[in-house]
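Geometric and topological summary
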Amino acid sequence: MRGPGPAAGPQHRDPLPVTDSSETPKRRPQQRKQVLLRLDPSVYEALSRWAGDELRSANAQIEFLLRKALADAGRLPRDAGPLPRRGRPPVSEP
């Protein structure tokens, strides 16, 4: 019989920036939210195939569909930025 496992380590979170109180706070670009999503495996497979047909990742396909559903329902926030461009950045002319 085994004993209890090792104690859990410290939680890793984003460190808070340390600033001088005389500095005016600078706006950081808004970070994208991470969400855990549980899907039925067959639903995920269908979504993954659909995403591949449209040359998107499954994550990008989910965001695309959510934004479309929000827009169709008239609930897409006006300040929602455009979908981020995926893939390799364009080659700049020398």
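I will try to describe carefully the structure that is included in this document. Given the structure is predicted, the values throughout are model-derived calculations rather than measurements. (Residues numbered from 1 in each chain as written. Predicted model: local features only at pLDDT ≥ 70, side-chain atom pairs only at ≥ 80, totals over all residues. Heavy atoms only, no water.)

1. Re the overall build of the chain
Looking only at helices and strands, the chain has 2 helices and 0 strands in total. Residue pairs in contact within the chain that sit at least 24 positions apart in sequence constitute 17% of those at least 6 positions apart. Summed over its atoms, the accessible surface of the chain is roughly 10000 Å², and 55% of this surface lies on carbon and sulfur atoms. (Helix = DSSP H or I, 4+ residues; strand = E, 2+ residues; numbered from the N terminus. Contact = heavy atoms within 4.5 Å. Areas by Shrake-Rupley, 256 points an atom, 1.4 Å probe, with all protein chains shown as cover.)

2. Quick notes on helix α1 (residues 41–53)
Here α1 contains 13 residues, and its C-alpha end-to-end distance of 18 Å stays within 8% of the 18 Å for a straight helix at 1.5 Å per residue. Where α1 terminates, the next one or two residues include Leu55, which has phi positive at roughly 55°. (Expected span 1.5 Å × (residues − 1).)

3. Considering the pattern of salt bridges
For the coordinates displayed, the defined rule picks out 4 salt bridges. For the salt bridge of Glu54 with Arg56, the shortest nitrogen-to-oxygen distance reads 2.3 Å. Using a relative accessible area of 34% as the deciding quantity, one classes Glu54 as partly exposed. One salt-bridge network, in which partners are shared between bridges, spans Arg32, Glu63 and Arg67. (Salt bridge = Lys/Arg side-chain N within 4 Å of Asp/Glu carboxyl O. Buried < 20%, exposed > 50% of the residue type's maximum accessible area, 1.4 Å probe, protein only.)

4. Regarding the packing of aromatic side chains
Inspection of every chain in the model, using the stated rule, returns 0 aromatic pairs. Directly above the aromatic system of Phe64 lies the positively charged group of Arg56, at a separation of 3.9 Å from the ring centroid. (Phe/Tyr/Trp six-rings, centres within 6.5 Å; stacked < 30°, edge-to-face > 60°. Lys NZ or Arg CZ within 6 Å of the ring centre and 35° of its normal.)

5. Points about a nonpolar patch on the surface
Together, Leu37, Leu39, Val43 and Tyr44 give the surface a local cluster of nonpolar side chains, amounting to about 350 Å² of exposed area. Summarising the element assignment, Val43 is placed in helix α1. (Patch = residues over 30% accessible without salt bridge, like charges linked within 9 Å, V, L, I, M, F, W, Y side chains within 5 Å.)

6. Focus: unusual backbone geometry
The backbone phi angle of Leu55 is positive, close to 55°, even though this residue is not glycine. Looking at the element boundaries, Leu55 is found in the loop between α1 and α2 (58–72).

7. Some points on the environment of Leu70
Of note, Leu70 is situated in helix α2. Residue class for Leu70 comes out partly exposed when judged on its relative accessible area of 34%. Ignoring anything within four residues of it in the chain, the contact list for Leu70 reads Arg75 and Leu76.

8. So, α2
Taking 1.5 Å as the rise per residue, α2 with 15 residues should run 21 Å; its terminal C-alpha atoms sit 21 Å apart, in good agreement. Among the residues of α2, those classed as buried are Ala58, Ala60, Gln61, Glu63 and Arg67. Residues of α2 that are buried make contact with α1. Positive backbone phi, at 70°, marks Gly74, one or two positions downstream of α2.

9. Points about the side chain of Gln61
Mapping Gln61 onto the fold places it in helix α2. Residue classification places Gln61 among the buried residues on the basis of a relative accessible area of 0%. At 3.0 Å, the side chain of Gln61 and the side chain of Arg56 are in polar contact. (Polar contact = N/O pair within 3.5 Å; in protein donor to acceptor, adjacent residues only side chain to side chain.)

Remember that the coordinates give geometry; whether it matters functionally is a separate question.
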